[in-house]
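The residues making up each chain are set out below.
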Amino acid sequence: MSKVINQYSAKDEVASVFVKRTFLQRIFITLKKAPFTAWLGMTIIVFYLFVALFAPLIAPYGEAEIFKTPYAPWDEVHIFGTDRLGRDILSRLIYGARNTMGIAILTTLLAFLIGGGLGLLSAILRGWVDQFLARFVDVLMAIPSLIFALMLLSIFGSTALNLIIIIAVLDSTRVFRLSRAVGMNVAVMEYVEAAKLRGEKIGWIMGREILPNILPPLVAEFGLRFCYVFLMIASLSFLGVGIQPPTADWGSMVRETGELIQYAQYDITAALTPILPAAAIGILTIGVNFVVDWFLYLTSGLKDEQK
Amino acid sequence: MSKNRDNSILLEMKNISIEGYSDEAWHPIIKGVDLQIHRGEVLGLIGESGAGKSTLGLAAMGFVRAGCRFTGGSVLFGDQDLTKMNENEKRELWGTKFSYVAQSAAAAFNPAHRLINQTIEASVSHGISKTETLEKEAIKLYEEMQLPNPTEIGGRYPHQVSGGQLQRTMTAMAMSSKPDLIIFDEPTTALDVTTQVNVLVTIRNIVKEHNTAAIYITHDLAVVAQMADRIQVLRYGDTIEESETNKMLKSPKEDYTKSLWAVRSIKKKENKNKEKILSIKNIDASYGSGPKVLQNVSIEVPKGGTVAIVGESGSGKSTTARVVTGLLPPDKGEIIFQGQKLTPNLSDRSKEDLRKIQMVYQSPDTSMNPRHTVRDIIGRPLEFYHNIKGKAYTNRVIDLLKMIELDETFIDRLPSELSGGQKQRICIARALAAEPDLIICDEVTSALDQIVQEGILKLLLRLQKELSITYIFITHDIATVKAISDEVVVMHNGLVVEQGMKSEIFSPPHPDYTKLLLSSVPEMDPNWLTKILSSKN
Amino acid sequence: MHPILSTLIKRIGLGVVSLFFVSLIIFSSIQLLPGDFVEAQLGQARTEETVAAFRKELGLDKPFYIRYVNWVGAAVQGDLGSTFSGRNASYANQPQQSTARTVTSLLKPRLYNTFFLAAMTAIIAVPLSLLLGITAALYRNTFYDRAVNASALTTISMPEFFVAYILIIFLASIYQFFPSLSNVTSSTPFLERVYLSILPALTLTLVTVAHMMRMTRAAIINLLSSPYIEMAELKGLSRSKVIMKHALPNAWAPISNIIAFNLAYLIVGVVVVEVVFVYPGVGQLMVDSVIKRDIPVVQGCALVFALTYILLNLLADVISIITNPRLLYPK
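Caption draft 1: Summary view of the interface of chain C and chain A. Taken together, the contacts link 43 residues of chain C with 42 residues of chain A. Both sides together, the interface formed by chain C and chain A hides about 3800 Å², and carbon and sulfur atoms give 79% of it. For the chain C face of the interface with chain A, the top three residues by lost area are Ser 157, Phe 161 and Tyr 165 of chain C, together amounting to 16%. At the surface where chain C touches chain A, the tally comes to one salt bridge.

Put into structure tokens, the structure is as follows:
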């Protein structure tokens, strides 16, 4: 039987192991432990961002530059051939990274600004503000968002700005629900009550007490919402009501070269032409999903530890 | 204690080790523990949170939870080693030879089935007897467990009966197959004291009556003293001490065992003070449009003293605190603080009023922002109320840390890097930073282990002496009340039953409820439960 | 009143209320039209007379609430107004007598097609994903679980048209098992209809199974961690008994919600898939009408989709309510 010393001292109470590390050190340690899928996801994202940022330097030709031969086959001049109008597919793929991702990121940011802000406000204020917003969002969500977007686009027309605003507003309903739910979980915590008892203003409570604690689920949700918005814009463009020509965009590119798919039995490279932009969409989404999955695992893992 | 024990060994655990998986590594939970249990014997397993007592209890059945594994030792039941058996072989024993009674009956009953079906389910599926016979026996067991309407209660669903009744039904369920060994895993921890007594009595009787062996797991030494023939003390997965109940209580060998009843050793002399700092007058309060949770509550708080508000769950003691702090404006009545009327609503109070009344919560885990460091947590009130900044700020935070017996090495830690007792000390420092006149302590020690409780209570008493702060101490624990209070308020169902000096409240004559409450608190005396029973009959 | 009845009534009442607001939103959309829309629609046929006639037909000369009541009244009787397309010519000749087709006549055959496709998908997808989800939960953290999960995550990440094109390349072009154009008509016999619909149904199945399977897995794992499941195990019940008697009765509510959610998702997926395979359903009609900005048709389609969506969710909630023992057997 082990001997226990009964010299009680508050300082010596055993807490979890305490090693002071800087933020960067922590990130480094976490990254070292990241699984393969997470690395793959991060590599994909970095690669896409690189292509998007330096598109004019990488692309062999201009975004809307037209060459003589439409539907040119894959060769040295046009690595992935040309489209119906004779534009270089590879160049359009590279510029597409810029346009498609840019619009999706802007839309997601806007959705978070609207939905996140209102959601947090709802969680703290409660009462009729919360009731009104929550019911309003319920009604908006009773219409499938793609259908709603189609309807609104038919009325306002498919400009890039309309696209961003409409999808951001529709998607902000989901952000609202999440941030309201997680915000409420935190808002009922005693440390928020303690801040109220101290006499803190709503700005402090939102920004300093609640926000830092709901950041992990919100960051994960940002990844998922980005995927959703990205796929939705791609779908709308594919349907011909999204990003309009001559802007290079992956969804529209699939639409424009879609008929080539029929020739798979004769020339597989021709059939692959519409697959390329579609794969570009899919691969980015997979990458983001992998990273989000890992992030969720990390943050929920921390939660278990605290119990 | 029990006379009809034959001395043969029923179950023997030898050098059992169990590991749990967390944070991508295996960590030891049980580190080579020996445990023996004889036929008809009740063994008490006692220890604080993290001692591994539940894990050990389940291991006695050969069961480990998901994410845990046996890494050594054996569990011998007769000539079989449970650690070497496969799932199917163990299933033959579970529900026949072994039964389990869980801590939370409300969660352990399946909401979709009637009680009677769940009671006899194990026996039916193992083919112990015919369903009709088992049902009749179950009704008899319900009767023995003193459940109301034993013939009908089985037809109900779990959510239709009270927590105490559900816990007794679960004991009947465990008895249904007439097992050799029952594991009771903190069966009364979730219950109020007045409910606990009855459940303890029925459990003890039925176990004796049927001569069943049991492992009784709890953190409460007074409870285990009533139930067990022998006690084994666990800490961090190791056995600290093991002996017969009487011997253990009279002459514990290890310091750690002695520390288990640390709080009960604090004695504070009561002080009387005529001057009142706070008067609550005729308060009625309710949540939303719900029923009244406080009815005509009046409480006087003497300056520089400690008033303990004691009561069970639903008595309105925490609601009283919410009314005083302004979180819940009352329907009627007024609050006089330092001779002036306090506005009922928090948002209408001045910063100065808010500063003077501070609050410390039950759970330090939820009352400190996990993303703020100790510096932010203690420092914010300094900045907010006293406008202290820069170097003075850091110095004052360190002063406060010293005041609570910690030092400047803690200043950059996050709450997750502190132990339970340290966290609660930081919460106290946060309250002190405001330089308040009154601190409301809402169950501040009930989430902590005994030895840590003692430390916190001593700290609070010392601070009171040095800074002459007034405390309102809300608790359900009578030992804590005795340790710390000058005056006591007993509450029940939203009413004040009585208020007076500590010595008055704890000496007869008592109003009925106080009598019931005081008599329900288990005492270290192993014959306490027997005495209670005989005094009732 | 029995609490289950009052809860049901409350839930159905809520459904009616959201239906009211949804119809209001869809109806008001026509009010949001930019001012020059009427003139733009009429194009060559724009004269003062035709503009006035068109405005009158749209009801723009009456107060909002009267127009709404009229519209809803007509919609309930199956009249969703007339299409815009083909109007130019008719207005030019005979401004008073529009020969435009009614929205209902356009919608009806397509509605049948879409429901056929959705039903076909659901018949394959629902049992398959429940099976995959439940087995993945039971054998969690095994190779099987990881494989199923990873492929589900991959499928979810793919746009529907990508999945559709891959299927076309392999199953319609290189190996010509199925047609890549699903041009069904009202006279197509049943078996041929099934044959023509196989590729779109397969595409939708892949996408919905991935979603539904992941959600089922999560719900089952959540359920299996309940203390009453551990209790059942400690009673020595066999694994199948634990699942059938203790997990399943409590699983109806989450599972019905998952199915409803995914069938609703299916409705949205239908739009893209119908366009890829040129399948004459409501989704394709809606996209065509959006491009042509034929608002009444868009409204009709949106109403049909929203109605289905609301009803599915209502049904799921009703199932959760009537299987909840707390409501079934009140105190």
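Right, picking up where we left off after that structure.
Caption draft 2: Structural context of helix α7 (residues 143-157) of chain C. For α7 of chain C, with 15 residues, the first-to-last C-alpha span of 21 Å sits near the 21 Å given by 1.5 Å per residue. Along α7 of chain C, the residues classified as buried are Asp 145, Val 148, Asn 149, Ala 152, Leu 153, Thr 155, Ile 156 and Ser 157 of chain C.

Caption draft 3: Fine view of the environment of Glu 454 of chain B. One can find Glu 454 of chain B in helix α18 (residues 450-467). Expressed as a C-alpha distance, the spacing of Glu 454 of chain B and Ser 265 of chain B, which sit 189 residues apart in the sequence, is 8.8 Å.

Caption draft 4: Examining the sheet that holds strand β8 (residues 213-218) of chain B more closely. Residue and element names in this part refer to chain B. The six strands are arranged β6-β7-β8-β3-β9-β10 in an open sheet whose pairing can be described as mixed. Only two strands of the sheet have a single neighbouring strand rather than two, namely β6 (98-101) and β10 (238-244). Going from strand to strand, the sheet's axes swing by 15 degrees on average, the running direction of each strand aside.

Caption draft 5: Region of interest: the packing of aromatic side chains. Within the structure shown, the criterion is met by 26 aromatic pairs over all chains. On the numbers, 5.1 Å between centres and 50 degrees between planes, the contact of Phe 50 of chain A with Phe 54 of chain A is tilted. Using a relative accessible area of 36% as the deciding quantity, one classes Phe 54 of chain A as partly exposed. Both rings, one in Phe 178 of chain C and one in Tyr 195 of chain C, keep their centres 6.0 Å apart while their planes meet at 50 degrees; by these two values the pair is tilted.

Caption draft 6: Structural context of the pattern of salt bridges. Residues and elements named next belong to chain A. Applying the stated criterion to the full structure yields 39 salt bridges over all chains. Among the ionic pairs, Glu 256 bridges to Arg 87, the shortest N-O distance being 3.5 Å. Placement of Glu 256 in helix α10 (residues 250-257) and of Arg 87 in the loop between α3 (55-58) and α4 (89-125) is noted, with a sequence separation of 169 residues between them. One salt-bridge network, held together by shared partners, links Asp 83, Arg 87, Arg 92 and Glu 256.

Caption draft 7: The arrangement of the side chain of Ser 237 of chain A in detail. Residues and elements named next belong to chain A. You can see Ser 237 is positioned in helix α9 (residues 202-239). A residue is classified by how much of its surface remains accessible, and Ser 237, at 1% relative accessible area, is buried. Here Ile 243 takes part through its backbone nitrogen, which lies 3.2 Å from a polar atom of the side chain of Ser 237. Excluding residues within four positions of it along the chain, Ser 237 makes contact with Gly 242, Ile 243, Asp 249, Gly 251, Ser 252 and Arg 255.

Calculation rules
Residues numbered from 1 in each chain as written. Chains lettered and ligands numbered in written order. Predicted model: local features only at pLDDT ≥ 70, side-chain atom pairs only at ≥ 80, totals over all residues. Heavy atoms only, no water. Contact = heavy atoms within 4.5 Å. Buried area = accessible area lost by both parts, 1.4 Å probe. Salt bridge = Lys/Arg side-chain N within 4 Å of Asp/Glu carboxyl O. Helix = DSSP H or I, 4+ residues; strand = E, 2+ residues; numbered from the N terminus. Expected span 1.5 Å × (residues − 1). Buried < 20%, exposed > 50% of the residue type's maximum accessible area, 1.4 Å probe, protein only. Pairing = 2+ DSSP bridges. Axes fitted to C-alpha atoms, helices over the stretch in contact; angles between N-to-C directions. Phe/Tyr/Trp six-rings, centres within 6.5 Å; stacked < 30°, edge-to-face > 60°. Polar contact = N/O pair within 3.5 Å; in protein donor to acceptor, adjacent residues only side chain to side chain.

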